[in-house]
Amino acid sequence: MSKKKVLIVGSSAKEYALAKYLLKNKDIEKIYVAPGNVAVGEFAERIDIRENSVQELLEFVIKEGINLTIASSTEAIKADIAEYFQANSQLIFAPTAAASAFSISRSVSKKFLYKLHIPTPKFAIFEKQALAFDYLKNANMPILITADEDKENSVRSVCKDINLSKNCISDLFLQEEPKVVIEEYAYGHPFTFYVVTDGYCALPLAVVGDYKFMEDGDAGLFTRGMGAFVPDYKVSFEVVAKLMNSVVYPILQNLQKREHPYIGILGVESVLLPDNNYTITGFSPFLKEHDAQAVLNSLDTDLYSLCEACAVGSFADDYDEILVNDLSTVACVLAARNEGAVITGLEMVDDSTEVGHFNTLKNDYFEYLTNKGRTLVLTQTASTFTRARELLYDNVEDIYFEGKRYRRDICAE
């Protein structure tokens with residue numbers, strides 16, 4: 001059997017984790033990442049093609065004889081790389097732009113949830129600042145205010161009063177955001193439920209406990225994610241079954257009726273409520289940057305074969321479950337206040353701890369430099385959460401850069 005070549009499209013921590021993980025597969029000859037980040041170039045070949053340049057990516061795939069493309073980049077998915085590759089008979093694991101619109105646009109997802117009668121916090125969508133300000137007069141605080149598309153540096157905030165809310169809304173419109181979404185903040189335990197699907201059949205992949213706030217005890221800025229743990233022991237099998245039957249399959253069936261089947265990984269961002277029920281806060285069109293390595297560490301199923309089966313249409317016949325191990329994984333994000341600070345101590349990190357890079361750079365001395373905001377994610381797997389957490393934070397302490405920030409309470413409860 002000839003060895004496989006894989007192209008991964010994207011440039012952040014999830015692509016870094018995915019490339020490193022797939023290289024463990026002895027049937028894979030080479031991993032290409034377009035465009036990738038500086039760190040991924042240490043073990044995979046970076047291709048200087050923008051993630052939304054689908055014509056160039058297609059030409060590269062044909063020229064190099066790539067067996068499978070995995071598009072984890074939101075920009076690539078929005079550029080409809082899946083539709084373009086499928087039309088040219090190239091295997092790709094990714095949803096089309098039409099199928100994934102609800103997982104990228106918050107306003108579309110909220111309307112979609114409302115239409116399908118899936119529980120979600122009360123929300124409102126605004127294209128004008130004055131109307132958003134007027135809505136605040138009768139809003140139940142606290143509220144979550146976000147841009148329509150959740151990008152790495154987008155403003156997002158949980159606001160407890162009108163003045164803070166107005167400041168956040170003003171900042172978003174000053175950034176020329178076309179839409180601002182306001183919703184009631186859902187109190188409870190945040191988690192993401194991931195499934196793999198070929199558009200018709202879906203299987204649970206992982207349940208991830210999420211930490212969104214910057215500071216311990218859910219204080220400080222509301223981020224895209226500062227830590228995670230897998231499996232999320234707080235979410236029962238009963239809740240997972242409800243999510244499959246009352247959320248995942250209604251969504252997939254609706255997309256089928258529109259003739260836009262969703263192929264790929266779908267993340268259902270949820271909050272576990274005190275009564276063991278749930279509310280859905282949004283979606284992700286692939287694994288999120290801060291929890292990708294943690295999810296991959298939990299797999300006992302060959303990921304390449306899984307993705308290939310979805311791409312060729314044999315998923316329902318080949319799989320009746322996705323096998324996972326019984327290990328415990330904890331991940332912690334290290335954020336930087338400023339860009340360009342030298343990162344030291346990486347060589348001190350144990351081999352058992354995975355260090356993922358967001359978009360770090362290198363200076364002339366081949367030292368890694370911080371990017372402003374989320375910079376590194378450390379992921380540790382062990383037999384218990386207690387042991388994984390202990391090893392993780394030992395390694396977190398070994399890494400230093402000016403302005404390092406991270407949560408110290410991940411998986412502490």
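Provided above is the structure to which this section pertains.
Novice: Help me understand the packing of aromatic side chains, please; the structure alone is not making it clear to me.
Specialist: Per the stated rule, a full pass over the model turns up 15 aromatic pairs. Ring-pair connections join several aromatic residues into one group, and the members of that group are Phe102, Phe112, Tyr262 and Phe283. Over the ring of Phe133 we find Lys166, and its NZ or CZ is 5.4 Å from the ring centre.

Novice: So what exactly am I meant to see when it comes to the packing of helix α7 (residues 129–136) against helix α8 (residues 162–174) here?
Specialist: Where α7 meets α8, the axes come as close as 10 Å, and the angle between the chain directions of the two elements is 160°. Classified by the angle between their axes, α7 and α8 sit roughly antiparallel to one another. Classified by chirality, the crossing of α8 by α7 is right-handed. Along the contact surface, α7 presents Gln129, Ala132, Phe133 and Leu136, while α8 presents Ile162, Ser165, Lys166, Ile169, Ser170 and Phe173. In terms of residue class, the contact of α7 with α8 is built from six nonpolar, three polar and one charged.

Novice: Help me understand the pattern of salt bridges, please; the structure alone is not making it clear to me.
Specialist: Should their charged atoms come close, side chains of opposite charge can pair. Scanning the entire structure with this criterion turns up 21 salt bridges. The shortest N-O distance in the salt bridge between Lys30 and Glu45 comes to 2.5 Å. Here Lys30 is found in strand β2 (residues 28–35), whereas its partner Glu45 is found in strand β3 (residues 45–46), with 15 residues between them in sequence. Linking Lys242 and Glu238 is a salt bridge whose minimum nitrogen-to-oxygen distance equals 3.8 Å. Here Glu238 and Lys242 lie together in helix α9 (residues 237–257), a separation of four residues that amounts to about one turn. Here Glu238 falls in the partly exposed class, since its relative accessible area comes to 47%.

What counts, and where the lines are drawn
Residues numbered from 1 in each chain as written. Predicted model: local features only at pLDDT ≥ 70, side-chain atom pairs only at ≥ 80, totals over all residues. Heavy atoms only, no water. Phe/Tyr/Trp six-rings, centres within 6.5 Å; stacked < 30°, edge-to-face > 60°. Lys NZ or Arg CZ within 6 Å of the ring centre and 35° of its normal. Axes fitted to C-alpha atoms, helices over the stretch in contact; angles between N-to-C directions. Helix = DSSP H or I, 4+ residues; strand = E, 2+ residues; numbered from the N terminus. Parallel < 35°, antiparallel > 145°, perpendicular 65-115°, else oblique. Left-handed = near helix turned anticlockwise from the far one by under 90°. Contact = heavy atoms within 4.5 Å. Nonpolar A, V, L, I, M, F, W, Y, C, P; charged D, E, K, R; others polar. Salt bridge = Lys/Arg side-chain N within 4 Å of Asp/Glu carboxyl O. Buried < 20%, exposed > 50% of the residue type's maximum accessible area, 1.4 Å probe, protein only.

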